[in-house]
Structures are given as C-alpha cells and as structure tokens.
Amino acid sequence: MEKIKIIVNKFLENGKQKNNDFNLNVINIDLLKEAISLLNNDIDIINDNKISICLLLDTIYQNDSYSKIFLNRLVKANNENNISLINDLINNLNNLKNNLINNQEILIKEISLYNLYKNYCDIFLSSVNINIPISFKVTENIKKVLLWANNNFMITDKELVILENEINYYSQKIKSKDDERQANFINQKYEQIPNILKIGFQETDKIEINPNKKNYLDNAVTLLKSQILSIQHYEINDYLENYKNAFKNDNELDYVLNKLMDEIINELLTYYEFLLDKDLNNSNIERKEIVENYYNLLEKYLKIKAFYETREKKLYSFDEIEETVDNTINENLNAKKIIYATSEINPLNAKIISDLKDIPEEYYESILDLLTDFKNNTLTGNKIKRLTNNGKLKYFYEIKEYQTRIIFKRLQDDTICILGVFIKKDNNDIKKYKNMALRNVPEDIDSALEFSSKVETTLFNLLESNKRISKL
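Residues numbered from 1 in each chain as written. Predicted model: local features only at pLDDT ≥ 70, side-chain atom pairs only at ≥ 80, totals over all residues. Heavy atoms only, no water.

Enquirer: Help me understand the overall build of the chain in this model?
Expert: When its secondary structure is counted, the chain shows 17 helices and six strands. Evaluated residue by residue, the chain yields a buried proportion of 42% over its 472 residues. Contacts in the chain between residues far apart in sequence, at least 24 positions, make up 71% of those at least 6 positions apart. Just so you have it, the chain exposes about 26,200 Å², and 47% of that area is on carbon and sulfur atoms. (Helix = DSSP H or I, 4+ residues; strand = E, 2+ residues; numbered from the N terminus. Buried < 20%, exposed > 50% of the residue type's maximum accessible area, 1.4 Å probe, protein only. Contact = heavy atoms within 4.5 Å. Areas by Shrake-Rupley, 256 points an atom, 1.4 Å probe, with all protein chains shown as cover.)

In structure tokens form, the structure reads like this:
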C-alpha cells in the first residue's frame, strides 16, 4: 500500500497547490486589469502613473524586468511623441490576462476533483496507517485518484491495474487475517493479476516441415485448437494421446503442437491487454471475468506444453550431450563425399547458409578455416568430436574450435551430411543440438552430391567476402 499512499499524498499536495495557484491567479488578473487600464491613456497620464505601473508589473512578474522594458518604451514614446510604442506592452498584458482567465477554468475543475476526493483520501490514509479495513465507497474513490495519477503520467497502465488490484483486496486481507483458509484464498486472488502482468512464455520450437504440407498442418492446428477450447484441461492429455496417432511423421506433430501453443500464447497475451484497457475492466465483475478466463486458458496451455515436453524427452532425451574425441574419423573419411542439409523445395538453399544470419561475422573466418581444413583433411588436434550419450545423435559429429560448432552426420562409410553451424554459448546448449538433429537429411544422396559443389561455392564465397578479423 506504500505506493498508493504516496500517490494519495501527491494528490492532496497537488490539490493544495492548485488552490494556491487559483488564488494567485485571481490577484494577478486584477493587477493586470488595473495596469492595462492605466496604460490605455494618453502619454501625460501614463507619465503621471509610471511609478504605480512599475509596481504593478513588478508584482505580477515577481521581478523588475518588465517594468524596465516599460520605462525604456516610455522614454522613447516621450522623445518621439509616439504612444504606439506602449501598445505592444498592452497587447502582451492582455494576452497574459486571457491566459490566466483560461487557466482559471482548468484550475476550477482540478480543485473540484480535489474537493470531491479529499475526504476519502484522508479516511484512506488514516485507515491504512493503523491497518484497519476501508469501506467499498472509499476504495472506489481512491481508484479514481489512481486514475488521476495514471492520466498525469505518474504511473503506467500496468502499475494502475496492479495498484487497483491491491486496494481491492486490502480490506478483505485484513478481515480474513484470523481465518487461515479465507486468508489463503484472498492471497491467491490478490496474486492473480500481478502474475498475469508479469507474464512471460518460453519461446516455442521452430520445427521444419515440408512446405507443401504447411496449409494442411495449419488447418489441423485450427481444428485442434477448437477442440481443445471446448474440453476441460484435465481431458487434454488423453485427447492428445489419441490425436498423435493421426501423424506418421514426428516433425509434423511437433509442428502442430508448437503452432497450437503459439496461438494460445497470443490469446493469453490478449488478456494481458484487456487488463491494461481501462474501458474493458472498469468494474470488479469484468476484471474477475478476465482473470478467470485467463487462468482457464493458461491451464490448458500448460497441459499441452507438458504433453509436448514429455513426448520430446522420450523421443530425443536431450538431457545431456557428451563430446567424445574420435581420432580415426578424419583418417577414415579422407576420400569423403560431402552433402548439405537443404530446404526440401530448394536443394541450393543449405541450412548452414541460413544459420550464418544468426552468427556474428567475427566467427566467419573460424568457420571458413574449419570447413576448408575438414574438406582437405588438414584439421589439427582434436577438433572432431563424436556426440554420445544420446541415442538420437547416433552417427552425429561436431567440428569444434572455441565456441564454433559445425554439426555433421555420417551417412555411409564415405558420405557425410553437414547439417549446420552455431555458436555454443552454454555448457550444454541442448536446443541448438536438438534443432540440428531434427533437420532433414537428403534421401537422394546422388542428387544431393550434384548440388553440393554449387552450395559449397556459395557458402565459401559468403564466408570469405564477409569475414572480419576475429577478436575472439
């Protein structure tokens, strides 16, 4: 409640200041009228009243700068016998007077707001200082003060919702402090809105599929989502267990599940926006409905996520990956044939080339050297490691130097497929290894070999032309 107390005190201080501003404006408007009246005369009368005019101007502007301007103009007007030199001063004073009159209308509205909520603010501060409940009427009026703070950019929309939530549950929490069960219930409700506004979701996996099947799979996602939204969260696991049998290809089911999670995340984020929209949650009933719908959908999302992760663990077991030195692999592959994992539609669109978009150019020279040495059988040291302790990475190897990892798979005695490249930043960057393992290896090796030289030329030229001197 401390933040709310600070805002309420600022509101009260602001109201007092507005009252002071209003009273000062009333005085200045009267002074301006008198000064303008004295200046709207012939030159002799102005000369007779110049001391009074200077005093009025000094009082209005709280310094003597404007009275000095007046006196300089008056000297010129006397010398040139030209009263028009005073007219600019009159115009400026008239403009200031009109601005103050207009400002009075704004101040009157702000003072009315202050007077309307002042008593509620005083009751609120007295109550929270001694930790006693406050009435519903006081609560609702303090929310109006919070809205004032939001409109004056003192707090963000998110802070407004959180503070409104806090004051909503303040009295209930105090009243329930002797009832543990009720207190736990109130605390759970109290925490729901901040939990939504602090939300964050794990990024879903990007699954490669045959582009020709994308429309079919996207339609499957739409139908699956409709069914998921119509059943209870506890029914989801059994439903997905049966649903998975409709797919022969693991990648296709993975794609559908990840796309489904993406769409549900988007809906969950919509509820976040609803909470920040003052027009959509301006009552406790509307706020309660938003929160309930959010948590109902969240439970379903978590069930889908758990199903996917359990399935992935069974399929791929990417808990740990060990790197084992293989001193024989380079010798055994002296006469190796190299192909590249590519798009199913475009055999020249190699995955390793796409990977370079996410890799800083400082690493390009290292990648180029490793590929060249691997191709020419001149790799030194233990730069080729076999990936072990994982059944799904059987026949997978990496070429490594510092953080650079080039992943390839041994297909036949003399044929390998380069799957891609990444920069390893964690001790065991499971997700990157998993993405490599899920890439499609060309089934027609003879055709892939025909395109290999073109892919290699493009790849090597790209690395050569964009490499920078390494700072690693």
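There's plenty left to go through after this.
Enquirer: In this structure, what is going on with helix H17 (residues 445–466)? I would like to understand it.
Expert: Residues separated by three or four positions in an α-helix point in the same direction, a consequence of the helix having 3.6 residues per turn. For H17, built from 22 residues, the straight-helix expectation of 32 Å at 1.5 Å per residue is met to within 8% by its first-to-last C-alpha distance of 30 Å. Its axis deflected by about 40 degrees at Phe-451, H17 carries its strongest bend there. Looking at H17, one finds that the buried residues are Ile-445, Ala-448, Ser-452, Val-455, Glu-456, Leu-459, Phe-460 and Leu-463. Against the buried residues of H17 lie strand S2 (337–340), helix H14 (351–355), helix H15 (364–375), strand S5 (404–412) and strand S6 (415–423). Capping of H17 at its N-terminal end is provided by Asp-444; its side-chain oxygen lies 3.4 Å from the backbone amide nitrogen of Asp-446. (Expected span 1.5 Å × (residues − 1). Bend = angle between axes of the 7 residues up to and from the residue. Polar contact = N/O pair within 3.5 Å; in protein donor to acceptor, adjacent residues only side chain to side chain.)

Enquirer: It is not clear to me how the pairing of strand S4 (residues 396–401) should be interpreted in this structure. Could you clarify?
Expert: It is a general feature of regular strands that their side chains alternate between the two faces of the sheet. With five of six residues buried, S4 lies mostly within the body of the structure. Bridge analysis of S4 against S5 gives six bridges, and the strand direction is antiparallel. Across the sheet, the residue bridging to Tyr-397 is Phe-408, located in S5. If you look at the hairpin formed by S4 and S5, you'll find two residues sitting between the two strands, and Tyr-402 has a positive phi there, around 55 degrees. (Pairing = 2+ DSSP bridges.)

Enquirer: Can you walk me through the side chain of Lys-300 in this structure?
Expert: With respect to the helices, strands and loops of the structure, Lys-300 is situated in helix H12 (residues 284–316). The buried charged residue Lys-300 lacks any salt bridge partner; its closest oppositely charged side chain belongs to Glu-235, at an N-O distance of 7.6 Å. Engagement of the side chain of Lys-300 in a polar contact is seen with the backbone oxygen of Leu-229, the distance being 3.0 Å. Apart from the residues within four sequence positions on either side, Lys-300 is in contact with Ile-228, Leu-229, Ser-230, Ile-231, Gln-232, His-233 and Ile-236. (Lys, Arg positive; Asp, Glu negative; His and termini not counted. Salt bridge = Lys/Arg side-chain N within 4 Å of Asp/Glu carboxyl O.)

Enquirer: Where do I start with the packing of aromatic side chains in this structure?
Expert: Centre distance and the angle of the planes are the two values used to describe a pair of aromatic rings. In the structure shown here, the tally under the stated rule is eight aromatic pairs. Relative to Phe-408, the ring of Tyr-397 lies with its centre 5.2 Å away and its plane at 10 degrees, an arrangement referred to as stacked. You can see Tyr-397 sitting in strand S4 and its partner Phe-408 sitting in strand S5, a full eleven residues away along the chain. Neither residue differs from the other here; Tyr-397 and Phe-408 are each classed as buried. Between the NZ or CZ atom of Lys-375 and the centre of the ring of Phe-460, over which it lies, the distance is 5.9 Å. (Phe/Tyr/Trp six-rings, centres within 6.5 Å; stacked < 30°, edge-to-face > 60°. Lys NZ or Arg CZ within 6 Å of the ring centre and 35° of its normal.)

Enquirer: Can you walk me through the pattern of salt bridges in this structure?
Expert: Side-chain pairing between opposite charges can occur once the charged atoms of the two side chains come close. Counted according to the given criterion, the structure contains 15 salt bridges. When the shortest N-O distance is used, the salt bridge between Glu-401 and Lys-383 registers 2.9 Å. Taken together, the positions of Glu-401 in strand S4 and Lys-383 in the loop between H15 and strand S3 (384–388) put the pair 18 residues apart, joining distant regions of the chain. By relative accessible area, which is 22% here, Glu-401 ends up partly exposed. Connected through salt bridges with shared partners, the residues Lys-214, Asp-218 and Lys-259 form a single ionic network.

Enquirer: Which parts of the structure should I look at to understand empty space enclosed by the protein?
Expert: A water-sized probe rolled over the atoms picks out the places where empty space is left. On inspection of all chains with the given rule, the structure shows one cavity of 30 Å³ or more. Lining the largest cavity are Ile-338, Tyr-340, Leu-371, Lys-375, Ile-418, Glu-456 and Phe-460. At the level of secondary structure, the elements contributing two or more residues to the lining of the largest cavity comprise S2, H15 and H17. Of the residues belonging to the lining of the largest cavity, the class tally is five nonpolar, no polar and two charged. (1 Å grid on protein atoms, 1.4 Å probe; cavity = no way out; pocket = protein on both sides within 12 Å on 5 of 7 lines; lining within 4 Å. Points joined across faces, edges and corners; volume = space filled by probe spheres on them. Nonpolar A, V, L, I, M, F, W, Y, C, P; charged D, E, K, R; others polar.)

Enquirer: What is the right way to read the environment of Leu-38 from this model?
Expert: Within the secondary structure, Leu-38 sits in helix H1 (residues 2–39). C-alpha of Leu-38 to C-alpha of Ile-90: the two residues are 52 residues apart in sequence and 9.9 Å apart in space. Those residues within four positions of Leu-38 in sequence are excluded, and the remaining contacts are Ile-46, Asn-49, Ser-52, Ile-53 and Leu-56.

Enquirer: Could you clarify how one ought to interpret unusual backbone geometry in this entry?
Expert: Glycine aside, a negative phi is what most residues show, and trans is what most peptide bonds show. With a phi angle near 60 degrees, Asn-377 is a residue other than glycine that sits in the positive phi range. Looking at the element boundaries, Asn-377 is found in the loop between H15 and S3. On the basis of relative accessible area, Asn-377 is assigned to the partly exposed category, the value being 26%. Although it is not a glycine, Tyr-402 sits at a positive phi angle of roughly 55 degrees. As for its placement among the helices and strands, Tyr-402 is situated in the loop between S4 and S5.

Enquirer: Before we go on, may I ask you to explain the packing of helix H9 (residues 214–230) against helix H10 (residues 236–243) in this structure?
Expert: A pair of packed helices is captured by two measures, namely the crossing angle of their axes and the spacing between those axes. At a minimum axis distance of 11 Å, the contact between H9 and H10 shows a crossing angle of 150 degrees. Regarding the angle of H9 to H10, the classification is roughly antiparallel. Crossing of H9 against H10: the hand is right-handed. Each of Ala-220, Leu-224, Gln-227 and Ile-228 in H9 lies in contact with H10, whose residues at this interface are Ile-236, Tyr-239, Leu-240 and Tyr-243. Residues belonging to the contact of H9 with H10 are distributed by class as follows: seven nonpolar, one polar and no charged. (Axes fitted to C-alpha atoms, helices over the stretch in contact; angles between N-to-C directions. Parallel < 35°, antiparallel > 145°, perpendicular 65-115°, else oblique. Left-handed = near helix turned anticlockwise from the far one by under 90°.)

Enquirer: Hey, could you run me through helix H6 (residues 136–151) in this one?
Expert: For H6, spanning 16 residues, the distance from its first C-alpha to its last is 23 Å, which sits close to the expected 22 Å at 1.5 Å a residue. Taken together, the buried positions of H6 are occupied by Val-138, Thr-139, Asn-141, Ile-142, Lys-143, Val-145, Leu-146, Trp-148, Ala-149 and Asn-150. Remark: Phe-153 follows H6 within two positions and exhibits a positive phi of approximately 65 degrees.

Enquirer: Explain the environment of Asn-168 here, please?
Expert: Tracing the chain through its elements places Asn-168 in helix H7 (residues 157–175). Here the alpha-carbon distance between Asn-168 and Glu-140, two residues 28 residues apart in the chain, equals 8.5 Å.

Enquirer: Would you take a moment to explain the nonpolar core for this structure?
Expert: Most often, soluble globular proteins have nonpolar side chains that are buried together. One finds Ile-228, Leu-240, Val-256 and Ile-304 to be the most contacted residues of the largest nonpolar core, which totals 33 residues. For this core, the secondary-structure elements that each account for two or more residues are H9, H10, helix H11 (250–276) and H12. Counting residues per element, this core draws most heavily on H11, at eleven residues. One finds Leu-356, Leu-370, Ile-418 and Leu-459 within the second-largest nonpolar core, a separate group that totals 28 residues. (Core = buried A, V, L, I, M, F, W, Y, C linked by side-chain atoms within 4.5 Å.)

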